[in-house]
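# Residue-level structural notes
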2 protein chains.
Amino acid sequence: MNSECIFCKIAAGELPSSKVYEDSDTFAFMDIGPVVKGHTLVIPKHHYDPITGTPDDVLHKLITVVKKIAQAQTEGLKADGINITQANGKIAGQIIPHVHFHVIPRFANDRHSWNWIPKKYDTPEEMHQFAGKIKSSLKS
Amino acid sequence: MNSECIFCKIAAGELPSSKVYEDSDTFAFMDIGPVVKGHTLVIPKHHYDPITGTPDDVLHKLITVVKKIAQAQTEGLKADGINITQANGKIAGQIIPHVHFHVIPRFANDRHSWNWIPKKYDTPEEMHQFAGKIKSSLKS
């Protein structure tokens, strides 16, 4: 536990939250500033950050709970769709540096949009160059 | 394989892509309409959709590869942050109905923003009601 981390304190019950799910490793609770009402956060109880610093077995537990919450939002809130997002770093929009997944129900009338604007590569070669830089940095 | 699915065809090599990673179950390739250059997609080779219809073991493999790509974007592209997103349903922005994760590198100068506007619940009770509806629909 990181004594300065709000999410560690929420998972330990030291700060209040509106809990949705809990098991020995994972905790899910309502985001108090929902992008769309019903917006739920899924976190590991142990402190990890960012996703690249989170052990694979912990990620497996997290994504299993993310799926559970997506299922429950779909049924319980009659959501028309679900967005799952996860941010690493301030530039990516991360506020609390404790790895977390957002599970956000979407409704036909929710009036939200993600500002998703596809760009273009200048040339196909430029795209392949980006791919090459990523490939050559993959760890086995 | 779904014979009408573009992502099935890409994973099978029947349609071209700029491949970043491949193993027996998983395929990663460049999004040709990147939100930020370097934007990579991670898909299962087998056709599943949406996340709630995807077996847990497949999700575990996907999130492990998502982490690998995030690591490689951080190192190979010198990304300052990483966004991971996954959409289920047209209302959520999903275009290809084959489960996929977006791994999007972020840079201090990328000028992208997600239109992330936190809302408020009318009352704490309203938030707890949403939590209750989700909780009561969780499957064990």
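Quick note: structure is the one above.
Residues numbered from 1 in each chain as written. Chains lettered and ligands numbered in written order. Predicted model: local features only at pLDDT ≥ 70, side-chain atom pairs only at ≥ 80, totals over all residues. Heavy atoms only, no water.

The next point concerns the overall build of chain A. When you go through chain A residue by residue, the secondary structure sums to three helices and five strands. Along chain A, helices (α) and strands (β) appear in the sequence α-β-β-β-α-β-β-α when read from the amino end. In terms of overall dimensions, chain A has a C-alpha envelope of 50 × 40 × 25 Å along the principal axes. Taking all 140 residues of chain A together, the buried fraction comes to 53%. Of the roughly 6,500 Å² of accessible surface on chain A, a fraction of 54% belongs to carbon and sulfur atoms. Each charge class in chain A can be summarised by its mean position, and for the 16 positive and 15 negative side chains these summaries are 3 Å apart. (Helix = DSSP H or I, 4+ residues; strand = E, 2+ residues; numbered from the N terminus. Buried < 20%, exposed > 50% of the residue type's maximum accessible area, 1.4 Å probe, protein only. Areas by Shrake-Rupley, 256 points an atom, 1.4 Å probe, with all protein chains shown as cover. Lys, Arg positive; Asp, Glu negative; His and termini not counted. Charge placed at Lys NZ, Arg CZ, Asp CG, Glu CD.)

Our next topic: the packing of aromatic side chains. All names here are of chain A. All chains considered together, the criterion is met by eight aromatic pairs over all chains. Ring centres of F27 and F29 lie 5.9 Å apart, and the angle between their planes is 50°; on these two criteria the pair is classed as tilted. Assigned by exposure class, F27 and F29 land together as buried. Here the basic side chain of K133 rests over the ring of F130, its NZ or CZ set 6.0 Å away from the ring centre. (Phe/Tyr/Trp six-rings, centres within 6.5 Å; stacked < 30°, edge-to-face > 60°. Lys NZ or Arg CZ within 6 Å of the ring centre and 35° of its normal.)

For the pair helix α2 (residues 56-76) of chain A and helix α2 (residues 56-76) of chain B, the least separation of the axes is 9 Å and the interaxial angle reads 125°. Here α2(B) runs oblique to α2(A), going by the angle between their axes. Once α2(A) is placed against α2(B), the crossing between them reads as right-handed. Note on element contacts: α2(B) touches α2(A) through B:D56, B:L59, B:H60, B:I63, B:T64 and B:K67, opposite A:D56, A:L59, A:H60, A:I63, A:T64 and A:K67. Considered class by class, the residues forming the contact of α2(A) with α2(B) number four nonpolar, four polar and four charged. (Axes fitted to C-alpha atoms, helices over the stretch in contact; angles between N-to-C directions. Parallel < 35°, antiparallel > 145°, perpendicular 65-115°, else oblique. Left-handed = near helix turned anticlockwise from the far one by under 90°. Contact = heavy atoms within 4.5 Å. Nonpolar A, V, L, I, M, F, W, Y, C, P; charged D, E, K, R; others polar.)

Moving on to the pattern of salt bridges. One pass over the structure, following the stated rule, counts 16 salt bridges over all chains. The structure contains a network of salt bridges with shared partners spanning A:K19, A:E22 and A:K45. (Salt bridge = Lys/Arg side-chain N within 4 Å of Asp/Glu carboxyl O.)

Attention now moves to α2(B). Compared with the 30 Å implied by 1.5 Å per residue over 21 residues, the 30 Å span of α2(B) between its first and last C-alpha is a close match. After α2(B) finishes, the residue B:K78 shows a positive phi value of roughly 55°. (Expected span 1.5 Å × (residues − 1).)

Let us now look at the sheet that holds strand β5 (residues 101-106) of chain A. Ordered in space as β1(A)-β2(A)-β3(A)-β5(A)-β4(A)-β4(B)-β5(B)-β3(B)-β2(B)-β1(B), the ten strands form an open sheet in which the pairing is antiparallel. The sheet is open, and its two edges are formed by β1 (19-22) of chain A together with β1 (19-22) of chain B, each paired on a single side. Averaged over all pairs of adjacent strands, the angle between strand axes in this sheet comes to 20°, irrespective of strand direction. Its contacts with the sheet put α2(A) on β1, β2 (26-30), β3 (40-44), β4 (81-88) and β5 of chain A together with β5 (101-106) of chain B, and the angle it makes with β5(A) is roughly 15°. Lying on the sheet, helix α3 (residues 124-135) of chain A is in contact with β1, β2 (26-30) and β3 (40-44) of chain B; it crosses β1(B) at an angle near 35°. (Pairing = 2+ DSSP bridges.)

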